[in-house]
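Examining the three-dimensional arrangement
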Amino acid sequence: MSDIDAMPPMPLDGLPVGAADGLPSGAPRARAEGLADSSVARQLAQLDRTESALVLASGMAAVACTMVSLLRPGDHLLASRWLRPETRRFFEHELPALGVQVSFVDPTETRGWRRALSRTTRLVYLESPVDPTTRVVDMRPVRTLAQELGIALVVDATLASPINFRPVEHGADVVLHAASVFLDGHGHGFAGVVCGSEAVVDEVRVKMRSWGAEPHPAAVAQLARGLKTLGVRVAKQNATAMAVAQWVASQSTPDGAVRAVSYPGLAAHQDHVVATECLSGYGNLIALALRGGEIAVGELLGRLQHFRVRDAESAARLGGVESVASAFADGSVRLNIGLDDAPVLIGDLTQALE
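Residues numbered from 1 in each chain as written. Predicted model: local features only at pLDDT ≥ 70, side-chain atom pairs only at ≥ 80, totals over all residues. Heavy atoms only, no water.

Taken as a whole and assessed by the stated rule, the structure comprises three aromatic pairs. Plain terms: the ring middles of Phe91 and Tyr125 are 4.9 Å apart, the flat faces sit at 85 degrees to each other, and that makes the pair edge-to-face. Pair noted here: Phe91 is in helix 3 (residues 85-97) and Tyr125 is in strand 4 (residues 121-127), with a separation of 34 residues, a long-range link. For the pair Phe91 and Tyr125, a shared accessibility class is recorded, and that class is buried. Centre to centre, the rings of Tyr263 and Tyr282 are 6.4 Å apart; their planes meet at 70 degrees, and the pair counts as edge-to-face. Separated by 19 residues along the polypeptide, Tyr263 in the loop between strand 8 (258-262) and helix 9 (272-278) and Tyr282 in the loop between helix 9 and strand 9 (285-290) bring together distant segments of the chain. (Phe/Tyr/Trp six-rings, centres within 6.5 Å; stacked < 30°, edge-to-face > 60°. Helix = DSSP H or I, 4+ residues; strand = E, 2+ residues; numbered from the N terminus. Buried < 20%, exposed > 50% of the residue type's maximum accessible area, 1.4 Å probe, protein only.)

Before going further, it helps to spend a moment on the side chain of Ser128. You can see Ser128 is positioned in the loop between strand 4 and helix 5 (140-149). Here the side chain of Ser128 touches Val137 through a polar contact of 3.0 Å, landing on its backbone nitrogen. Not counting chain neighbours up to four residues away, the residues in contact with Ser128 comprise Val136, Val137, Asp156, Ala157 and Phe165. (Polar contact = N/O pair within 3.5 Å; in protein donor to acceptor, adjacent residues only side chain to side chain. Contact = heavy atoms within 4.5 Å.)

Strand order in the open sheet made by the seven strands is 1-7-6-5-4-2-3, with mixed pairing throughout. Only two strands of the sheet have a single partner each, and these edge strands are strand 1 (52-56) and strand 3 (101-105). Strand-to-strand twist of the sheet, defined as the mean angle between neighbouring strand axes without regard to direction, takes the value 20 degrees. Two strands pair when backbone bridges link them, and strand 6 (residues 174-178) and strand 7 (residues 192-196) are joined in this way by four bridges, in the antiparallel orientation. Residue pairing across strands places Val175 opposite Cys195, the latter belonging to strand 7. The strands touched by helix 7 (residues 198-210) within the sheet are strand 1, strand 6 and strand 7, with strand 1 carrying the most contacts at an inclination of about 20 degrees. (Pairing = 2+ DSSP bridges. Axes fitted to C-alpha atoms, helices over the stretch in contact; angles between N-to-C directions.)

Attention shifts here to the pattern of salt bridges. Counting across every chain of the model gives 18 salt bridges. For Arg115, the salt bridge identified is with Glu109, shortest N-O distance 3.6 Å. Looking at Arg115, the relative accessible area reads 60%, which means it is exposed. Each of the salt bridges in this network shares a partner with another, and the network as a whole consists of Arg84, Glu86, Glu127 and Asp156. (Salt bridge = Lys/Arg side-chain N within 4 Å of Asp/Glu carboxyl O.)

This brings us to the confidence of the model for the chain. Within the chain, residue pLDDT values average 88, and 88% of them lie at 70 or more. Note on residues 1-33: pLDDT is under 50 here. Beyond four places in sequence and across chains, it has 57 contacts. (pLDDT = per-residue confidence, 0-100.)

This part takes up the packing of helix 2 (residues 59-70) against helix 7. One way to put it is that helix 2 packs onto helix 7 with a least axis distance of 8 Å and a crossing angle of 115 degrees. As summarised for this structure, helix 2 and helix 7 are arranged roughly perpendicular, according to the angle between their axes. Pair helix 2 / helix 7 crosses with right-handed handedness. Across the interface between the two elements, Cys65, Thr66, Val68, Ser69 and Leu70 from helix 2 touch Val200, Glu203, Val204, Lys207 and Met208 from helix 7. (Parallel < 35°, antiparallel > 145°, perpendicular 65-115°, else oblique. Left-handed = near helix turned anticlockwise from the far one by under 90°.)

Encoded structure:
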């Protein structure tokens, strides 16, 4: 299990107040909420091996407040092309409106990072692992570049959680999470997390308050609950996803229904070597392509009985207890493995692929 301290249960309709919860009798609610928020932040900082951490209202609040804290008008941001759609939109539209120039780089072209630099580059940004492709970015060339030039390296590690990936151990300065994914683990709360030095977190806190991006107390309470089981949940999902991915890969034959399967734990994955070097676990996300294209995808989703079938947008909250299957515009299927046992999920896929 993860190395976080146990916390008392916290009801969703508010945080506990009173001596029974370790707080002074009659402590004001605002003070109680602040103490709980600080405790959660300390746990998050410990998990990501950073000096400090901050909980915000959402994952995009974490991205936005971090960017406007670290960048000024006239600065240049260098970002990976492999980004969540909402992050990409923010970089393409909102940052330029604030006077920040943005360039996107194919992260597989290691020399591309250096070629895209300008004299005003102040920050490099990437996501790893990547949703929904399951790609894992090699941070070594980016780390070398950032350290050589003294620019900040920010990594969104939502899809891994701190159990599987701690970017600061690989040269990152700031780590971001959409906490409604693995950290919450139940798909109930909305929150974002920024982990980094005390100086950076203090800057982000100022922007958070200025923009009204403070988290709701109930979201902090839900996050506290989720952190208690984070380690055991992710370990279970890692093991089950590996078993399911290996089985799906065995169905990828010349005349089989499965055309390709993508999971970082498989030796055939294009980033398997990089993933093995930087990840403690390969995660819960499996991407697969069927030979029949969109028609076959529709038939598969219609036959699934145990997997919850959701569209890509509503399935954005990964890492929950349920196993979810979603179709994407490119004709692929994303399997988000929950806490079900591998034989149950393999059995469901077997009958759906027949």
